[in-house]
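# Topology and contacts: notes
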Amino acid sequence: HLDMLMEYLNQTGKRNHEVKRNLGLLQHYHKQGDYIRLGEYLYELHNQELGINLPFYTVNLLINSIMAVQYKKATDCGIRTEHNLLNLPSSLPMKDQDLCSLLNNLLDNAIEGALRVPEECPRWILTNMEWQNGYLSILIKNSARESDAGRKDMFLTTEKGNPMSHGYGMEIIREITESYSGMEKVTWEDAVFVHQSVLFLDMNR
């Protein structure tokens with residue numbers, strides 16, 4: 001997770017560097033009165049994909065960084081992403097490491113679950129987070145493989161390359177949820193996997 005956040009910060013630095021470079025060159029063309037090259041460069045910037053654009057999800061910087069990295073990973077895997085995080089505050093009364101671990105594990109599981117779906121079928125993830133009256137609700141939905149949807153047990157074995165280093169995500173999610181006097185619900189709805197955690201965040205914590 002630290003590596004993921006460091007990559008986000010690295011991309012932010014690249015973006016800031018590109019912005020400064022672009023402004024400097026634009027100012028140079030303007031100062032020289034070279035409006036043809038100025039226009040060409042503006043057109044180029046408008047149509048150029050720099051590969052360092054960082055999406056905005058929420059004013060909460062930690063959650064935004066996690067979402068940016070995880071959703072990019074999902075998109076790169078051909079998974080469609082949706083979200084609703086706009087009502088979150090800039091900070092939450094919980095430990096950063098707990099928030100990071102909880103959200104990353106939820107999204108890791110969602111990505112793995114969506115990747116189980118055959119390529120010819122839709123693969124998607126929906127993340128919905130709400131903050132109200134001292135409660136943080138995190139709802140993650142993802143498309144699921146039909147053969148998984150009929151299982152009675154809600155906790156599937158990981159299919160990642162090294163199972164010895166994976167498979168602890170559900171346990172970690174449960175422990176963090178319980179540490180904040182919260183509740184957890186995991187269900188199947190047709191071919192959709194739904195994982196919801198509701199945490200009570202004491203404002204005096």
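Scroll up to find the structure this text is about.
What you see is a predicted model, and the numbers here were worked out from it, not measured in a lab.

## Here's the deal with the packing of helix α3 (residues 61–76) against helix α4 (residues 96–115)
In contact at an axis separation of 10 Å, α3 and α4 are set at 20° when each is read in the N-to-C sense. Classed by the angle they form, the pair α3 and α4 counts as roughly parallel. In this structure, the crossing between α3 and α4 has a hand that is right-handed. Two secondary-structure elements touch here, α3 through L62, I63, I66, M67, Q70, Y71, K73 and A74 and α4 through D96, L99, C100, L103, N104, L107, D108 and I111. Looking at the contact of α3 with α4 residue by residue, the classes come out as eleven nonpolar, two polar and three charged.

## Concerning the pairing of strand β2 (residues 124–132)
With five bridges joining them, strand β1 (residues 80–84) and β2 adopt parallel strand pairing. Looking at β2, one finds that N84 is bridged to N128. For the segment spanning β1, α4 and β2, crossover handedness is left-handed. The pairing of β2 with strand β3 (residues 135–143) spans eight bridges and is classified as antiparallel. Bridged to T127 within β3 is I140. What sits between the antiparallel neighbours β2 and β3 is a turn of two residues, in which N133 has the positive phi angle 55°.

Calculation criteria
Residues numbered from 1 in each chain as written. Predicted model: local features only at pLDDT ≥ 70, side-chain atom pairs only at ≥ 80, totals over all residues. Heavy atoms only, no water. Axes fitted to C-alpha atoms, helices over the stretch in contact; angles between N-to-C directions. Helix = DSSP H or I, 4+ residues; strand = E, 2+ residues; numbered from the N terminus. Parallel < 35°, antiparallel > 145°, perpendicular 65-115°, else oblique. Left-handed = near helix turned anticlockwise from the far one by under 90°. Contact = heavy atoms within 4.5 Å. Nonpolar A, V, L, I, M, F, W, Y, C, P; charged D, E, K, R; others polar. Pairing = 2+ DSSP bridges. Right-handed = clockwise from strand over helix to strand, strands pointing away.

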